[in-house]
Protein chains: 2
Amino acid sequence: MNRATKLLRNTPSILSSSAIGGKKEGEGPLGDYFDKINEDAYMSTDTFEKGESQLQKQAVSHVLDKSGLQAENIDVMFGGDLLNQCVGTTFGIRDFGIPFLGIYGACSTMAEGLLLASLFVDGGYSQTAMAVTSSHFCTAERQYRFPLNYGGQRTPTSQWTATAGGALIVTERENPPFVRAVTIGKIVDLGVTDANNMGAAMAPAAYDTLSTFFKDTGKSPEDFDAIVTGDLGKVGSRILCELFERDNINIREKHKDCGMMIYDFDEQDVHAGGSGCGCAGSVLCGYFIPQLRSGSMKNILFAATGALMSPTVNQQGESIPGISHAVWISYDCCDKVPDIKFSKKG
Amino acid sequence: MNRATKLLRNTPSILSSSAIGGKKEGEGPLGDYFDKINEDAYMSTDTFEKGESQLQKQAVSHVLDKSGLQAENIDVMFGGDLLNQCVGTTFGIRDFGIPFLGIYGACSTMAEGLLLASLFVDGGYSQTAMAVTSSHFCTAERQYRFPLNYGGQRTPTSQWTATAGGALIVTERENPPFVRAVTIGKIVDLGVTDANNMGAAMAPAAYDTLSTFFKDTGKSPEDFDAIVTGDLGKVGSRILCELFERDNINIREKHKDCGMMIYDFDEQDVHAGGSGCGCAGSVLCGYFIPQLRSGSMKNILFAATGALMSPTVNQQGESIPGISHAVWISYDCCDKVPDIKFSKKG
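An account of the accompanying structure is given in this report. All values reported here derive from a predicted model rather than from experimental measurement.

With that out of the way, let us pick up the overall build of chain A. Secondary structure assignment for chain A yields 11 helices and 14 strands. If one aligns the C-alpha atoms of chain A with their principal axes, the spans along those axes are about 55 × 50 × 40 Å. Of all 346 residues assigned to chain A, the portion counted as buried reaches 67%. Restricting to contacts in chain A with at least 6 residues of sequence separation, those with at least 24 account for 78%. Approximately 11,400 Å² of chain A is accessible, and the part contributed by carbon and sulfur atoms is 45%.

Each partner contributes residues to the interface: chain B has 70 residues there, and chain A has 70 residues. Roughly 5,800 Å² is buried in total at the junction of chain B and chain A, and carbon and sulfur atoms are behind 58% of that figure. When the buried area of chain B at its contact with chain A is split by residue, R3, Q85 and Y125 of chain B rank highest and sum to 16% of it. Viewed at the interface, chain A and chain B are joined by four salt bridges. For the interface between chain B and chain A, the tally reads 40 residue pairs in polar contact (both at pLDDT 80 or more). Elements supplying a minimum of two residues to the side of chain B that touches chain A: α2 (48-67), β4 (76-81), α3 (87-93), β5 (100-102), α4 (109-122), α5 (137-144), α10 (311-315) and β14 (322-330) of chain B. The dominant element in the side of chain B that touches chain A, judged by the number of residues it contributes, is α4 of chain B, at six residues.

Turning our attention to unusual backbone geometry. The omega angle of the peptide bond from P176 of chain A to P177 of chain A is 5°, so this bond is cis rather than trans. With respect to the secondary-structure elements, P177 of chain A resides in the loop between β8 (164-171) and β9 (178-183). Positive phi is not limited to glycine here, since A106 of chain B has a value of about 45°. Tracing the backbone shows A106 of chain B in the loop between β5 and α4. Exposure remark for A106 of chain B: the relative accessible area of 0% places this residue in the buried category.

The next point concerns helix α7 (residues 233-246) of chain A. All names here are of chain A. The first and last C-alpha atoms of α7 sit 20 Å apart over 14 residues, in line with the 20 Å expected at 1.5 Å per residue. Within the span of α7, buried status applies to G233, V235, G236, S237, L240, C241, L243 and F244. At its buried positions, α7 is contacted by α6 (198-217), β10 (226-229), β11 (255-257) and α8 (258-261). N248, located one to two residues past α7, shows a positive phi value of around 60°.

Attention shifts here to helix α5 (residues 137-144) of chain A. Residue and element names in this part refer to chain A. Burial within α5 is extensive, with seven of its eight residues counted as buried. For α5, every residue scored as buried is listed here: F137, C138, T139, A140, E141, Q143 and Y144. The secondary structure elements touched by the buried residues of α5 are α2 (48-67), β6 (128-135), β7 (160-161) and α11 (311-315).

This paragraph deals with the environment of V270 of chain A. Counting through the fold element by element, V270 of chain A comes out in the loop between α9 (265-268) and β12 (274-275). Residues V270 of chain A and M260 of chain A lie 10 residues apart in sequence; the distance between their C-alpha atoms is 9.6 Å.

This part takes up the environment of G274 of chain A. In this fold, G274 of chain A is placed in strand β12. When near neighbours in sequence (up to four residues on either side) are disregarded, G274 of chain A contacts Q159, W160, D231, G259, I262, Y263 and C279 of chain A.

Another point: the relation of the copies chain B and chain A. Least-squares fitting of chain B to chain A yields an RMSD of 0.0 Å, with the transformation described by 0.0 Å of translation along the axis and a rotation of 180°. Seen this way, the second copy is the image of the first under a two-fold rotation axis. Among all residues of chain B, the minimum C-alpha distance to the rotation axis is found for I103 of chain B, at 2.0 Å. Looking at chain B, 100% of its interface residues are interface residues in chain A too, so the copies touch through the same face.

Now for the side chain of Q56 of chain A. Residue and element names in this part refer to chain A. For Q56, the location among the structural elements is in helix α2. Look at Q56 and you get buried, because its relative accessible area is 0%. In this structure Q56 touches G80, D81, G88, T89, G92, I93, V132, T133 and S134, once residues within four positions along its chain are discounted.

Turning our attention to the pattern of salt bridges. All names here are of chain A. Going through the model one piece at a time under the given rule, you end up with 24 salt bridges over all chains. Across the salt bridge formed by R9 and D122, the nearest N and O atoms sit 3.9 Å from each other. Here R9 is found in the loop between β1 (5-7) and β2 (13-22), whereas its partner D122 is found in helix α4 (residues 109-122), with 113 residues between them in sequence. Given the relative accessible area of 26%, R9 is considered partly exposed.

What follows covers the packing of aromatic side chains. Across all of its chains, the model carries 26 aromatic pairs over all chains by this definition. Arranged with centres 4.9 Å apart and planes meeting at 80°, the rings of Y33 of chain B and Y287 of chain B form a pair that is edge-to-face. With Y33 of chain B in the loop between α1 (23-27) and β3 (36-38) and Y287 of chain B in helix α9 (residues 277-294), this pair connects stretches of sequence that are 254 residues apart. Judged by its relative accessible area of 17%, Y287 of chain B falls in the buried class. Where F213 of chain B meets W328 of chain B, the ring centres are 6.3 Å apart and the plane angle is 85°; that geometry is what we call edge-to-face. One end of the pair, F213 of chain B, is in helix α6 (residues 198-217); the other, W328 of chain B, is in strand β14, and 115 residues separate them in sequence. Judged by its relative accessible area of 0%, F213 of chain B is buried. Taken together, the aromatic side chains of Y207, F213, F214, F224, F244 and W328 of chain A make up a single cluster linked through ring pairs. In this arrangement the basic side chain of K24 of chain A is found over the ring face of W160 of chain A, its NZ or CZ atom lying 4.0 Å from the centre.

Before going further, it helps to spend a moment on the nonpolar core. Formed by 110 residues in total, the largest nonpolar core has its most connected members in L64 and L301 of chain A together with L64 and L301 of chain B. By size, the runner-up hydrophobic cluster in this structure holds 108 residues, among which are L292 of chain A together with A117, W160 and F288 of chain B.

Take the state of the cysteines next. Residue and element names in this part refer to chain A. Taken as a whole, this structure holds zero disulfides over all chains when the rule is applied. Between C107, a free cysteine, and C277, which holds the nearest cysteine sulfur, the sulfur-to-sulfur gap is 4.9 Å. Cysteine C241 remains unbridged, with the sulfur of C258 as its closest cysteine sulfur at 14 Å.

Each value, and the rule that gives it
Each residue is numbered by its place in its chain's sequence as written, counting from 1. Throughout, the order in which chains and ligands are written sets their labels, letters from A for the former and numbers from 1 for the latter. Local features in a predicted model are, by the rule used here, given only for residues with pLDDT of at least 70; side-chain atom pairs are given and counted only at 80 or more, and totals for whole chains, interfaces and linings are based on all residues. Excluded from the side-chain calculations are hydrogens and water; all other atoms, namely the structure's heavy atoms, are used. Going along the chain from the N terminus, every DSSP run of H or I of four or more residues is numbered as a helix, and every run of E of two or more is numbered as a strand. Here the term buried applies to any residue with accessible area under 20% of the maximum for its type, exposed to any over 50%, and partly exposed to those in between, with areas from a 1.4 Å probe on protein chains only. The contact rule is simple, with two residues in contact once any of their heavy atoms fall within 4.5 Å. We get accessible surface area from the Shrake-Rupley algorithm with a probe of 1.4 Å; when it comes to residues, only the shown protein chains can shield them. Buried area is understood as the total, over both parts, of accessible area removed when two parts are fitted together, assessed with a 1.4 Å probe. Between Lys or Arg on one side and Asp or Glu on the other, a salt bridge is scored when a side-chain nitrogen of the former is within 4 Å of a carboxyl oxygen of the latter. Counting of polar contacts relies on pairs of N or O atoms within 3.5 Å, with two restrictions inside protein: one atom must be capable of donating a hydrogen and the other of accepting it, and residues adjacent in sequence are counted only when both atoms are side-chain atoms. Multiplying 1.5 Å by the residue count of a helix minus one yields the expected span of that helix. Least-squares superposition aligns the copies on the C-alpha atoms of those residues with pLDDT at or above 70 in both. What counts as a ring pair is set by centres within 6.5 Å for rings of Phe, Tyr and Trp (its six-membered ring), and what kind of pair is set by the plane angle: stacked under 30 degrees, edge-to-face over 60, tilted for all other angles. By definition, being over a ring means that NZ of Lys or CZ of Arg is both within 6 Å of the ring centre and within 35 degrees of the ring normal. Throughout, nonpolar core names a set of buried Ala, Val, Leu, Ile, Met, Phe, Trp, Tyr and Cys residues whose side chains join them through atoms within 4.5 Å. Cysteine sulfur pairs qualify as disulfides if the two atoms are within 2.5 Å.

Quick look at the structure:
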């Protein structure tokens with residue numbers, strides 16, 4: 001067993017999940033899968049940042065409602081977002097009073113949160129663990145690129161940060177879907193410096209993590225209904241498929257990218273596709289998890305990807321490192337998974 | 001057992017730790033406890049941000065050297081810092097190729113990282129887990145307050161962000177010190193809005209987490225050689241002691257604050273004391289862990305505190321939420337700790 005991949009001994013359940021969107025997301029092809037659509041970009045607050053916090057607050061409230069649990073029933077929460085100091089999360093969830101561990105994985109946040117929540121339940125440290133994330137077009141543009149008022153021209157490779165949030169609750173094994181295995185990614189940096197081409201920066205990280213998962217578990221793309229990346233968009237998705245082709249692995253038929261699914265390319269003018277923590281977060285929570293619950297999908301490999309970029313360091317000439325974490329979610333639970341074996345080290 | 005506190009079943013060991021400092025930290029009372037002191041604030045790079053990354057790189061290199069392990073022997077790494085998008089960490093550790101989970105807890109980062117690393121080893125998910133963090137006076141000032149060139153006047157309650165880094169490696173139980181229990185904090189916000197008085201913003205979070213720990217474990221301050229907070233400084237430390245006094249608990253004799261220890265108040269002009277992820281990180285890794293290894297201290301309760309503040313949201317009128325996580329580190333390992341019991345929930 002590779003050090004990065006962990007087979008879950010107790011295959012915990014994803015009890016419930018919620019997806020919150022903005023106006024544009026509601027008008028997209030997945031509009032019907034959201035629990036709530038906010039027509040107002042401020043979400044009835046006076047700043048976009050406070051609005052983004054509302055996305056998380058709504059996501060947490062909805063997932064609690066849907067699960068029939070109260071905040072005091074949640075043992076631990078993992079959350080993060082794209083904003084400086086992760087304030088979308090801090091101010092969105094502070095009133096719930098849930099023990100909280102902040103995470104930062106850029107757009108890979110939902111995969112990281114689900115991974116950690118699953119291991120906390122699997123290991124018996126928590127009975128219920130929540131993961132939550134969000135992103136907001138207006139906060140991300142002004143923080144990472146230009147204020148909206150500037151009216152900057154968007155490049156063809158640029159992606160549209162989804163105004164969306166997602167939350168889920170992991171509990172001890174009960175009903176499908178189940179978390180079967182996770183792979184922790186490492187930072188991969190092939191030197192992309194274009195902040196308007198994050199798909200290209202993240203694709204090598206997704207390739208690295210997915211390859212590790214396949215190698216460690218002996219699984220192949222055929223074992224999954226879908227291999228779901230977070231927000232590689234058109235450019236990154238093409239690169240990912242090509243990287244696998246070099247290894248004679250065809251993932252084209254199975255590959256889905258949340259950034260390619262959330263908007264209508266013909267109608268919604270999103271250039272290379274959607275992006276943001278909330279993109280992968282809401283598409284996983286709103287679209288995929290319900291299908292895995294009903295059994296209309298049996299297995300997915302969810303590998304959200306993050307571009308660990310910073311405007312400050314980017315302006316200093318640095319490249320954009322990527323990271324991706326993978327989670328195997330299944331309609332079936334395996335009663336007997338092989339125990340984790342490590343080779344003893346010096 | 002409260003949901004926030006986890007008694008570790010296998011009481012993992014802290015195998016090794018390293019502390020890196022800047023010039024001012026080297027001149028302070030703990031100067032001799034650092035593994036390396038950087039006289040140059042740029043650490044031989046061309047920007048302060050890249051310099052901060054060097055602190056993490058050095059911390060990781062030193063802790064690997066001291067433990068006799070290679071990067072490929074480390075199963076997982078938890079890291080974060082104060083910079084936007086945690087770039088101190090990303091660019092400091094990207095070349096090591098270690099499976100990485102990014103965390104954000106502001107100045108509580110070392111406690112969060114140690115907590116997660118300990119649970120990963122305790123639960124059998126990793127044989128070796130690393131935690132790393134850093135902070136840098138020059139990057140923090142320009143990001144959170146004013147560029148240094150502006151020459152802003154510092155208020156009496158302001159704290160001096162330590163230019164420092166710390167790293168540690170947790171492994172399966174072997175030699176002291178051992179991690180015995182952890183308490184995951186929740187966000188506590190009593191409405192402090194002064195970005196120059198973070199001690200006051202964080203003290204209520206430390207009080208909340210430490211109270212939870214005492215309640216959940218039945219321990220009291222007398223059971224510890226030291227109750228170590230991260231960087232409450234003069235103002236926050238006074239508030240913390242007063243909050244406990246209301247409960248008729250005296251922590252004054254046992255309370256140590258890394259922010260009060262790292263600098264000489266008379267000689268080093270640091271106003272209310274030190275702060276930053278690297279403050280608690282380096283003082284824990286450089287000063288406390290070696291004492292717990294030798295047995296000159298038997299038990300400490302380490303509760304680093306974080307001010308989850310953001311200049312953007314602060315300017316929008318928001319307050320500064322605090323968080324604190326606690327880790328009980330001991331010279332003694334307990335062969336039989338009570339198993340974790342949760343009350344069953346609806």
